[in-house]
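Each chain, written out:
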Amino acid sequence: MKKRILLLGMLLIISLSYSQAKSNIKYVRLNASLPEAQADLQAMNTAFQKMREMGCTNGLAWYYQGAIHNIPSVINGTNTLCPEYQNSTNKLWAWGDCTHSRSQNAKLHFLFWHRMYIWYLEKIVRELSGKEDFALPYWNYGENNTMPSPFSEQQTSLYEQARYTVLNNGKPIPETNVVDIQNAINELQTIPYFAGNGGFSQTLEGSPHGYMHDLIGGSYANPSETFFNEIYQRENFSGLMANVPSAGFDPIFWLHHSMVDRVWESWDVSMYGQRPTLADLEKYPWQYEFITPNGEKVTYTVKEMYDIVFNLDYKYDNLLYTSNVPLVVSNEAAKINKRELQDPKKKIIWEQKIDKTLGSNEFNFKIVNKFAKNTTKALKSNTRASLVLNLDVVVYKEPKDYYTVYLRYPGEADKYVGMMTFFGVAHDHGTGENHTIGENGVKLNYSYYVSDDITDTDKNFEVIIKKNGGGDVNVTLEKISVTQVN
């Protein structure tokens, strides 16, 4: 009983500390599956109905707001949704600003830009719905696995037909996918650095972020299923959310990114959270352009964005991870769990060429003898360093599958370390609307923080890669390595 009271007291203090840290809180973002959030969902429905009726050149319009995230470079036939836009030469102000590319600039600003983007949508909905206390709900997938009902009801303005059929039929996410989502969210908790290979931001962008985009968009569904994508205005093998240029037009996008933002907020205020400095962000700048509720254009410098992004006017009804976060972290522990963002030192512990196509059977790579000993030696030699598992792959088309990655020690349960997801690969590499890729393919790197997964022993172990989904696109594993990052 004493332990239970102490735990409740700790959670209360953490909750109060979180509330008091932000002195200008006016709004609370709620779990969309709770009865308390239904008024906010109705406000979204009201606002989106008005936004859909606006001409696409109106900055508050559904089409304009979706296009700020991205838009196809070419529309198939006459654009019935927006006659003013036919191809990329017709882009309006702030269109196509999202951070979905694999440049260092985009990766570093991914969470920052999307936080600002959904914050401005929140303001617009507040204005158009008339609900003065509106706050953008979040879809708490992994725990509440049925899509919030207004999004699957065809008579609402929040419905989109080009989605995973299971979700639009009001059924829950399949259990196998739920486990993947939970594993991805849990694995993020103990990553002790924000940027770079295996960092929190890059890992979150891959999964659950990219994973959920493809899941909602139907990429992991029946490979023969097609959707009519109203933004491209053609049949496609995946829906709006699974394609970067159309993702922002699906209303569920906003609840998905509210959840992504909640995961970031949860980690940011935990003992592991680490924020890039202003200098870090200014070294790799990004543009911040949005539309205010009165239709005015607003542009932020990186410094202006940085001054407000950690002190916005909302909080979440609750956060992840808090029950495991100590209230007091010693200086020594803080030192161990932090590392510099700028120009980190990297040391290759070992690497091995593979050049093997990953098939439907699980791929096993044995780390034995010298490789195993060097791995644990590196783990013991520098407690402030991070060990990162790297997988270098090449693809020739955007896969509709995903791969889960584990470490396996003899006699122990497999340890989940991450996923390989492919949301945005074709878009990132300028491959055109048919999603074909040049003859040399696209080389991709997937990195995972594994310091907390490596057993402190010289035992041999394995890297396990499991394919999930029924797609037929080949993924070639070129190299595996472990690096030490200071």
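See the structure above.
Residues numbered from 1 in each chain as written. Predicted model: local features only at pLDDT ≥ 70, side-chain atom pairs only at ≥ 80, totals over all residues. Heavy atoms only, no water.

**Re the sheet that holds strand 11 (residues 415-420)**
Two pairing modes exist for strands in a sheet, parallel and antiparallel, and in both the strands are linked by backbone hydrogen bonds.
Here is step 1: Strand order in the open sheet formed by four strands is 8-13-10-11, and the pairing between neighbours is antiparallel. Each end of this open sheet is capped by a strand with a single partner; those strands are strand 8 (363-367) and strand 11. Looking at each pair of strands side by side, their axes are set apart by 20 degrees on average, direction ignored.
Here is step 2: Here five bridges tie strand 10 (residues 402-408) to strand 11, and the two strands are oriented antiparallel to one another. Each residue of the ladder has a partner; that of threonine 404, found in strand 11, is methionine 419.
Here is step 3: Lying on the sheet, helix 6 (residues 175-188) is in contact with strand 10 and strand 11; it crosses strand 11 at an angle near 105 degrees. (Pairing = 2+ DSSP bridges. Helix = DSSP H or I, 4+ residues; strand = E, 2+ residues; numbered from the N terminus. Axes fitted to C-alpha atoms, helices over the stretch in contact; angles between N-to-C directions. Contact = heavy atoms within 4.5 Å.)

**Looking at the nonpolar core**
Here is step 1: If you look at the biggest cluster of nonpolar residues, it comprises 110 residues, and the most contacted ones within it are Met44, Tyr63 and Trp139.
Here is step 2: For this core, the element with the most residues is helix 4 (residues 104-129), which contributes 14 residues.
Here is step 3: Phe422, Val442, Val475 and Leu477 belong to the second-largest nonpolar core, a separate cluster that totals 36 residues. (Core = buried A, V, L, I, M, F, W, Y, C linked by side-chain atoms within 4.5 Å. Buried < 20%, exposed > 50% of the residue type's maximum accessible area, 1.4 Å probe, protein only.)

**Some words on the packing of helix 4 against helix 7 (residues 200-216)**
Here is step 1: One way to put it is that helix 4 packs onto helix 7 with a least axis distance of 9 Å and a crossing angle of 70 degrees. When the axes of helix 4 and helix 7 are compared, the pair comes out roughly perpendicular. For helix 4 against helix 7, the interelement crossing comes out left-handed. Packed against helix 4, whose contacting residues are Lys107, Phe110 and Leu111, the element helix 7 presents Phe200, Ser201, Gln202, Leu204, Glu205 and His209 at the interface.
Here is step 2: Broken down by class, the residue content of the contact of helix 4 with helix 7 amounts to four nonpolar, three polar and two charged. (Parallel < 35°, antiparallel > 145°, perpendicular 65-115°, else oblique. Left-handed = near helix turned anticlockwise from the far one by under 90°. Nonpolar A, V, L, I, M, F, W, Y, C, P; charged D, E, K, R; others polar.)

**A word on the packing of helix 4 against helix 9 (residues 252-268)**
Here is step 1: The contact between helix 4 and helix 9 brings their axes to 10 Å, and the two run at 130 degrees. On the basis of their axis angle, the class for helix 4 and helix 9 is oblique. In the crossing of helix 4 with helix 9, the sense of the turn from one axis to the other is left-handed. On the side of helix 4, the interface is formed by Phe110, Leu111, Phe112, His114, Arg115, Tyr117, Ile118 and Leu121, while helix 9 contributes Phe253, Trp254, His257, Ser258, Val260, Asp261, Trp264 and Glu265.
Here is step 2: The residue makeup of the contact of helix 4 with helix 9, split by class, is 10 nonpolar, three polar and three charged.

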